[in-house]
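Below, each chain spelled out in residue letters.
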Amino acid sequence: MADLLLPKSHRQKYGLDWPVKMPDFQIELYCAKHYYENAVQSGNPSDPEVHMARAIADLFTPDQFRMNRWSEEMIYCWCHQNFITVLGAGATGKSNTFGFLALLDFITDPKETVTILVSTTRQMLEVRSYEAVMRAFNFLQARGDFGIVLNRQRMAVLNKEDDGLASTEVKAAIRGVAVKQGSVEDSRNNLIGAHLPYVRLILDEMQSCRPSAVDARFNLSLGARNFKFVGMGNPDSQFDLLCQYSKPADPAGWSSVSVEDSSCESEYGVTLHLDGHDSPALEDPEEFHFLIKEADIDEALRQAKGNPDSPSYWQMIRGWPAPQGLKNTVLTESSVRKFRMQERPLWRGAYTTYAALDPSFTAGGDNCVLQVFRVGVLDNGMTGFFFEPPEYIPIEASSEKPVQYQIAERVEQLGYKYGFLPNRLVVDETGTQRVSDVIEMQWMPGITRFSGATKPTELTVSAKDTTKANKRYKNHITEAWFSLVEFASYDQVRGVCDEACRQFTSRELVRSSSLVAVESKQSFKNRMHASPAEADAVSMAVQFAKEKLGLVPGASVHGNLASNASAFGGFNTPFSVEKAQELDLDSRENSYLVSDM
């Protein structure tokens, strides 16, 4: 009886003991976040999304956070999945929902959680996910003291006791990072290094973010008890960064799903699709006035001149990669699928192995790519190509070996691995640091040298199109890119990697008089934040086969090699170093008739 008179230090809920003063919302948040841990599983909790919904209802009024079918789907994924991508139309509540979830997740374990919110610029952070965090913070502050502060200058939510510390001393926080500002290395360094038990990386506008933002997850997840990744945006291409990480796990890839699907299992986790045609606001526009509604769809259709297949309509209303790209590019996503460019080959007999090297070593972090490719007769009777996954040659800045020697050593190793010698290797020879010379000196002679700086050849475009390349294209590199298109259109290309396809479907075209040219490399790098090294290597490979092996797009067998031997091309041809630096094929800053087009 005396024990009943003593003050209780714990209470029971969901079959678990809790501090008596712990508020209900904190219990709900704990059960939602730690649902899969033994401490919670030993009780009888509800499903984690149920606990999260209860916490939201406890902490926010319906006007502050209005639950709807889409937000419920996002909450469910947050509670059950560790890798989530969301493809959605505009005004679907993506940034708002994950901004609120980020703050609630943080206050559950404020000393053990770091959350990094990423967008392209600070301005976009301030109107997207970080804006939702600030709004949720202000709602909570109106209810009482949660032990956290908002530091607007740092764009961070911190524990109160950490507010006066230097940025390098603070680990537990929610902080915003803009990845388009500064160099690639800057963006990578801004993201990595926070190692706490609970780490979250949330990318807004993922379709426009730098790949380094996603790569940072490897560092961030080291030592974490639980790591979550969320990427969201309005997809503009099947090969943009968002869609690369949303690709369905089904072997058929994107062909296994359609714009009508609301979710799928991805290669990394789960992908949600929020289609404007399925908006909750279509059923109740007043209740869900903040979501995309019929008037928005009608206006988008009007701007698309009544065309529901307009790429912009697909992006902003359907929230799905359009079959055709948004701009005039070398290839489209539908062409990649139609031409079966990513499928594996079926050979009729033996094939021969070759390789193309784009050295591309720069301080900006561009890739040094070796593209191994096979040439042989495919099951369709056409002589064609299969491209192995590209090999990336790392450059060790601390090594005593010069960069060219590091590359040469690795190329030789890969040559013996895949089965090619220098006489079946083509190397971009545009820059002033001649990697091919070092490879020949260290290994053996015979390399074919390629320059994107020369004029197009006099070879015909294809077996059926007798137009000479120099009558259609502005420069040799444009001819090489379109040689790939021509071979692909005749069902002669297999195995092209996602990154090369992204570059082929992103590289815009320009016209100079009656000639076609690919956009300058600087323009491409400004838009895409990386050099098109993978696509350059693939293009160089097919152009090598066209000029040196006598392959002809649309021909079932090799062409007359003798007649092509004098096709002036950019192989083993002297050129101006000054012009080469301007028109280079690798990833240096200037390229491709920047001043001439």
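Keep in mind the model is a prediction, meaning the values are calculated, not measured.

Trainee: How should I be thinking about the overall build of the protein chain in this particular structure?
Mentor: When helices and strands are counted, the protein chain shows 22 helices and 20 strands. A sequence separation of at least 24 residues applies to 64% of the contacts in the protein chain between residues at least 6 apart. Just so you have it, the protein chain exposes about 25100 Å², and 49% of that area is on carbon and sulfur atoms.

Trainee: Help me understand the sheet that holds strand β3 (residues 83–88), please; the structure alone is not making it clear to me.
Mentor: What links the strands of a sheet is backbone hydrogen bonding, and the strands pair in either a parallel or an antiparallel sense. Reading across the sheet, the nine strands line up as β5-β6-β7-β4-β8-β9-β3-β11-β10 and stay open at both edges, with mixed pairing between neighbours. One side of each edge strand has no neighbouring strand; the edge strands of this open sheet are β5 (148–151) and β10 (263–265). Across the sheet, the mean angle separating the axes of adjacent strands is 15 degrees when strand polarity is ignored. Seen against the sheet, helix α4 (residues 69–80) touches β3, β8 (198–203), β9 (226–233) and β11 (270–274) and runs at an angle of roughly 170 degrees to β11. Packing of helix α9 (residues 211–220) onto the sheet brings it into contact with β3, β4 (113–119), β8 and β9, and relative to β8 it is tilted by some 175 degrees.

Trainee: Any chance you could explain unusual backbone geometry here in plain terms?
Mentor: Glycine aside, residues mostly have negative phi, and peptide bonds are mostly found in the trans state. Unlike most non-glycine residues, Glu205 shows phi in positive territory, near 55 degrees. Unlike most non-glycine residues, Lys305 shows phi in positive territory, near 55 degrees. Structurally, Lys305 is set in the loop between α12 (294–303) and α13 (311–318).

Trainee: What is the right way to read the pattern of salt bridges from this model?
Mentor: As a working rule, side chains carrying opposite charge can pair if their charged atoms are close by. Going through the model one piece at a time under the given rule, you end up with 34 salt bridges. In this structure, Asp296 engages Lys293 in a salt bridge whose closest nitrogen and oxygen atoms are separated by 3.7 Å. Judged by relative accessible area, Asp296 falls into the partly exposed class, the value being 32%. A residue is classified by how much of its surface remains accessible, and Lys293, at 26% relative accessible area, is partly exposed. A salt bridge links Asp536 to Lys521, with the nearest nitrogen and oxygen atoms 3.2 Å apart. You can see Asp536 sitting in helix α20 (residues 533–548) and its partner Lys521 sitting in helix α19 (residues 521–528), a full 15 residues away along the chain.

Trainee: What exactly am I supposed to notice about the packing of helix α1 (residues 24–33) against helix α5 (residues 94–108) here?
Mentor: Axes are the key here: two packed helices are described by the angle between their axes and the distance separating the axes. Between α1 and α5, the shortest axis-to-axis distance is 9 Å and the interhelical angle comes to 100 degrees. Regarding the angle of α1 to α5, the classification is roughly perpendicular. Counted together, Gln26, Leu29, Tyr30 and Lys33 of α1 and Leu104, Asp105, Ile107 and Thr108 of α5 form the full contact between these two elements. Residues that form the contact of α1 with α5 fall into these classes: four nonpolar, two polar and two charged.

Trainee: Which parts of the structure should I look at to understand the pairing of strand β1 (residues 10–13)?
Mentor: The two faces of the sheet receive side chains in turn, since in a regular strand these alternate between them. Sheet topology places β1 next to strand β2 (residues 16–19); four bridges connect them, and they run antiparallel. In the strand pairing of β2, Lys13 is matched with Leu16. Adjacent in sequence and paired antiparallel, β1 and β2 are bridged by two residues, among which Tyr14 carries a positive phi angle near 60 degrees.

Trainee: Help me understand the pairing of strand β6 (residues 156–159) in this model?
Mentor: Here β5 runs beside β6; their pairing, made up of four bridges, is antiparallel. Following the sheet pairing, Val149 is matched in β6 by Leu158. Linking β5 back to β6 in an antiparallel pair, the connection comprises four residues, with Met155 at a positive phi of about 55 degrees. The pairing of β6 with strand β7 (residues 173–178) spans three bridges and is antiparallel. The residue bridging Val157 from the neighbouring strand is Ile174, located in β7.

Trainee: Help me understand α20, please; the structure alone is not making it clear to me.
Mentor: Since the α-helix advances by 3.6 residues per turn, residues separated by three or four positions end up pointing in the same direction. Spanning 16 residues, α20 covers 22 Å between terminal C-alpha atoms, matching the ideal 22 Å at 1.5 Å per step. Most of α20 sits out of view: 15 of its 16 residues are buried. In the segment just after α20, Gly550 is the residue with positive phi, at about 80 degrees.

Trainee: I keep staring at α4 and nothing clicks. Help me out?
Mentor: Over its 12 residues, α4 runs 17 Å from end to end, which matches the ideal 16 Å to within 8%, given 1.5 Å per residue. Among all positions of α4, only Trp70, Ser71, Met74, Ile75, Cys77, Trp78 and Cys79 are buried. The N-cap residue of α4 is Asn68: its side-chain oxygen and the backbone nitrogen of Trp70 are 2.8 Å apart.

Trainee: What am I meant to see in the nonpolar core here?
Mentor: In this structure, Met52, Phe60, Leu103 and Val157 are the most contacted members of the largest nonpolar core, which totals 54 residues. Tallying contributions element by element places α5 first for this core, with eight residues. Setting aside anything within four residues of it in sequence, one finds Met52 in contact with Leu29, Ala32, Ile75, Trp78, Cys79, Leu101 and Leu104. Phe339, Val538, Val542 and Phe544 belong to the second largest nonpolar core, which has 42 residues in total.

Trainee: Sorry, what's going on with the packing of helix α3 (residues 48–59) against α4 here?
Mentor: Relative orientation of the contacting elements α3 and α4 amounts to 120 degrees, with a least axis distance of 8 Å. Considering their axes alone, α3 and α4 lie oblique with respect to each other. As for the relative orientation of α3 and α4, their crossing is right-handed in sense. Contacts between α3 and α4 involve Pro48, Glu49, Met52 and Ile56 from the former and Ile75, Tyr76, Trp78, Cys79 and His80 from the latter.

Trainee: Please clarify how the environment of Pro345 should be interpreted in this entry.
Mentor: Relative to the helices and strands, Pro345 is located in the loop between α14 (333–338) and β12 (347–358). For Pro345, a relative accessible area of 13% gives the class buried. With 40 residues separating them in the primary sequence, Pro345 and Phe385 have C-alpha atoms 8.4 Å apart. Setting aside its immediate chain neighbours within four residues, Pro345 contacts Leu378, Phe386 and Arg494.

Trainee: I would appreciate a short explanation of a nonpolar patch on the surface in the present structure.
Mentor: Taken together, the side chains of Tyr416, Leu421 and Met444 define a hydrophobic patch exposed on the protein surface, amounting to about 270 Å² of accessible area. Inspection of the secondary structure puts Leu421 in the loop between α15 (403–418) and β16 (425–428). Here Leu421 falls in the partly exposed class, since its relative accessible area comes to 32%.

Trainee: Before we go on, may I ask you to explain the packing of aromatic side chains in this structure?
Mentor: The description of two aromatic rings rests on the distance between their centres and on the angle between their planes. The full count for this structure, using the stated rule, is 26 aromatic pairs. Between Trp347 and Tyr351, the ring centres sit 5.1 Å apart and the planes meet at 45 degrees, which makes this aromatic pair tilted. With a relative accessible area of 23%, Trp347 lands in the partly exposed category. Take Tyr351: its relative accessible area is 39%, and that puts it in the partly exposed class. Put simply, the rings of Tyr354, Phe373, Phe385, Phe387, Phe487 and Phe544 pair up and form one aromatic cluster. The ring of Tyr198 carries Lys33 above its face, with NZ or CZ at 4.6 Å from the centroid.

Definitions and limits used
- Residues numbered from 1 in each chain as written.
- Predicted model: local features only at pLDDT ≥ 70, side-chain atom pairs only at ≥ 80, totals over all residues.
- Heavy atoms only, no water.
- Helix = DSSP H or I, 4+ residues; strand = E, 2+ residues; numbered from the N terminus.
- Contact = heavy atoms within 4.5 Å.
- Areas by Shrake-Rupley, 256 points an atom, 1.4 Å probe, with all protein chains shown as cover.
- Pairing = 2+ DSSP bridges.
- Axes fitted to C-alpha atoms, helices over the stretch in contact; angles between N-to-C directions.
- Salt bridge = Lys/Arg side-chain N within 4 Å of Asp/Glu carboxyl O.
- Buried < 20%, exposed > 50% of the residue type's maximum accessible area, 1.4 Å probe, protein only.
- Parallel < 35°, antiparallel > 145°, perpendicular 65-115°, else oblique.
- Nonpolar A, V, L, I, M, F, W, Y, C, P; charged D, E, K, R; others polar.
- Expected span 1.5 Å × (residues − 1).
- Polar contact = N/O pair within 3.5 Å; in protein donor to acceptor, adjacent residues only side chain to side chain.
- Core = buried A, V, L, I, M, F, W, Y, C linked by side-chain atoms within 4.5 Å.
- Left-handed = near helix turned anticlockwise from the far one by under 90°.
- Patch = residues over 30% accessible without salt bridge, like charges linked within 9 Å, V, L, I, M, F, W, Y side chains within 5 Å.
- Phe/Tyr/Trp six-rings, centres within 6.5 Å; stacked < 30°, edge-to-face > 60°.
- Lys NZ or Arg CZ within 6 Å of the ring centre and 35° of its normal.

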